[in-house]
Amino acid sequence: MRVGEAAKDADFTAYLEARRASLMRTAYLLTGDHHTAEDVLQASLAKLYLSWDKVRDRGSVDGYLRRIMVNENNSLWRRGWKRREHAADIVPEPPPVLDSYDDGLSRAVWELVQSLPRKARAVVVLRYYEQLTEAEVADTLGISVGTVKSQCHRALAALRDRTPDHLHPRHGEEQR
């Protein structure tokens, strides 16, 4: 291995170790499935590695990788074999062990978010989970800022309409 390749590998490995957990969460939120998220992240990281030398501004690596992840997720759904797959009701592995108490609200909220169309879910994930600005979301998704605003508005309105009364944030205040 040449010296330049060793430095490239070390630099990429350092980036990956620092950002791996956050990138996996973003991939999961984009796909809604742990296994698909792993596939999307792995393919995205492979593409990033191939162009690692071309990324001059190391501060923009996260945005560049998020764009790759969104594109990779979108291309998965365009493939013919993916449309023939069907989700199973029974998960073949045991449920994860939670370190803290979960009253079921997070799962219920996540199910509501998953009911959004793919593009709207991507906007919501990038805007509110990743806490990107509207301009950064627009740049990542290759759409206008106005489209980000309208997608967010429609997605949040849909989530408000679909939220059952017992999950509504004001539900607990009314009982007091």
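Analysis parameters
Residues numbered from 1 in each chain as written. Predicted model: local features only at pLDDT ≥ 70, side-chain atom pairs only at ≥ 80, totals over all residues. Heavy atoms only, no water. Salt bridge = Lys/Arg side-chain N within 4 Å of Asp/Glu carboxyl O. Helix = DSSP H or I, 4+ residues; strand = E, 2+ residues; numbered from the N terminus. Buried < 20%, exposed > 50% of the residue type's maximum accessible area, 1.4 Å probe, protein only. Core = buried A, V, L, I, M, F, W, Y, C linked by side-chain atoms within 4.5 Å. Contact = heavy atoms within 4.5 Å. Arc of directions from axis to C-beta. pLDDT = per-residue confidence, 0-100. Phe/Tyr/Trp six-rings, centres within 6.5 Å; stacked < 30°, edge-to-face > 60°. Lys NZ or Arg CZ within 6 Å of the ring centre and 35° of its normal. Polar contact = N/O pair within 3.5 Å; in protein donor to acceptor, adjacent residues only side chain to side chain. Axes fitted to C-alpha atoms, helices over the stretch in contact; angles between N-to-C directions. Parallel < 35°, antiparallel > 145°, perpendicular 65-115°, else oblique. Nonpolar A, V, L, I, M, F, W, Y, C, P; charged D, E, K, R; others polar. Expected span 1.5 Å × (residues − 1).

Quick word on the pattern of salt bridges
Piece 1. In total, this model carries five salt bridges according to the counting rule given.
Piece 2. Here Asp-53 ties to Lys-8 by a salt bridge, and the two come within 3.9 Å at their closest N and O atoms. Taken together, the residues span a long stretch of sequence, with Asp-53 in the loop between α2 (34-50) and α3 (61-78) and Lys-8 in helix α1 (residues 3-31) at a distance of 45 residues.
Piece 3. We classify Lys-8 as buried; its relative accessible area is 15%.
Piece 4. Across the salt bridge formed by Arg-66 and Glu-130, the nearest N and O atoms sit 3.3 Å from each other.

Some words on the nonpolar core
Piece 1. Leu-48 and Met-69 are the most contacted members of the largest nonpolar core, which totals 40 residues.
Piece 2. Considering every element that reaches this core, the biggest residue donor is α1, with seven residues.
Piece 3. Not counting residues up to four positions away in its chain, the partners in contact with Met-69 are Leu-23, Thr-26, Ala-27, Leu-30, Val-40, Leu-41 and Ser-44.

Quick word on helix α7 (residues 134-141)
Piece 1. Taken as a whole, α7 has its buried residues at Val-137, Ala-138, Thr-140 and Leu-141. Buried residues of α7, seen end-on, are gathered within an arc of 165° and therefore sit on one face of the element.
Piece 2. Downstream of α7 by one or two residues, Gly-142 has phi in the positive range, about 70°.

What about the confidence of the model for the protein?
Piece 1. Per-chain confidence: the protein averages 82 in pLDDT, with 79% of residues scoring 70 or above.
Piece 2. Ranking the helices and strands of the protein by mean pLDDT puts helix α8 (residues 145-162) first, with 93, and helix α9 (residues 171-175) last, with 53.

Let's talk about the packing of aromatic side chains
Piece 1. Under the definition given, this model contains four aromatic pairs.
Piece 2. Taken together, the aromatic side chains of Phe-12, Tyr-15, Tyr-49 and Trp-52 make up a single cluster linked through ring pairs.
Piece 3. Cation over ring: Lys-8 sits above Tyr-49, and NZ or CZ is 4.3 Å from the ring centre.
Piece 4. The positively charged end of Arg-127 is found above the aromatic ring belonging to Tyr-128, 5.7 Å away from the centroid.

Considerations on the side chain of Thr-163
Piece 1. In this fold, Thr-163 is placed in the loop between α8 and α9.
Piece 2. Thr-163 sits in the buried class, given a relative accessible area of 18%.
Piece 3. Polar side-chain contacts of Thr-163 include one of 2.4 Å to the backbone oxygen of Leu-159.

Quick word on the packing of helix α6 (residues 118-129) against α8
Piece 1. Between α6 and α8, the shortest axis-to-axis distance is 9 Å and the interhelical angle comes to 100°. As far as their axial angle goes, α8 and α6 are roughly perpendicular. Facing Lys-119, Ala-120, Val-123, Val-124, Arg-127 and Tyr-128 of α6, the residues of α8 in contact are Val-148, Gln-151, Cys-152, Ala-155 and Leu-156.
Piece 2. Of the residues belonging to the contact of α6 with α8, the class tally is eight nonpolar, one polar and two charged.

Overview of the side chain of Thr-26
Piece 1. Within the secondary structure, Thr-26 sits in helix α1.
Piece 2. Those residues in contact with Thr-26 that sit more than four places away from it in its chain are Met-69, Tyr-129 and Glu-130.

Details of α8
Along an α-helix, residues three or four positions apart point the same way, because every turn accommodates 3.6 residues.
Piece 1. In this model α8 runs 26 Å from its N-terminal to its C-terminal C-alpha over 18 residues, within 8% of the 26 Å that 1.5 Å per residue would give.
Piece 2. Listed as buried for α8 are Val-148, Cys-152, Ala-155, Ala-158 and Leu-159. Seen from one end, α8 has its buried residues packed into an arc of 135°, which puts them on one side. What points out from α8, more than 90 degrees from its buried face, is the exposed set His-153, Arg-154, Arg-160 and Asp-161.
Piece 3. Close packing links the buried residues of α8 with α5 (105-114), α6 and α7.

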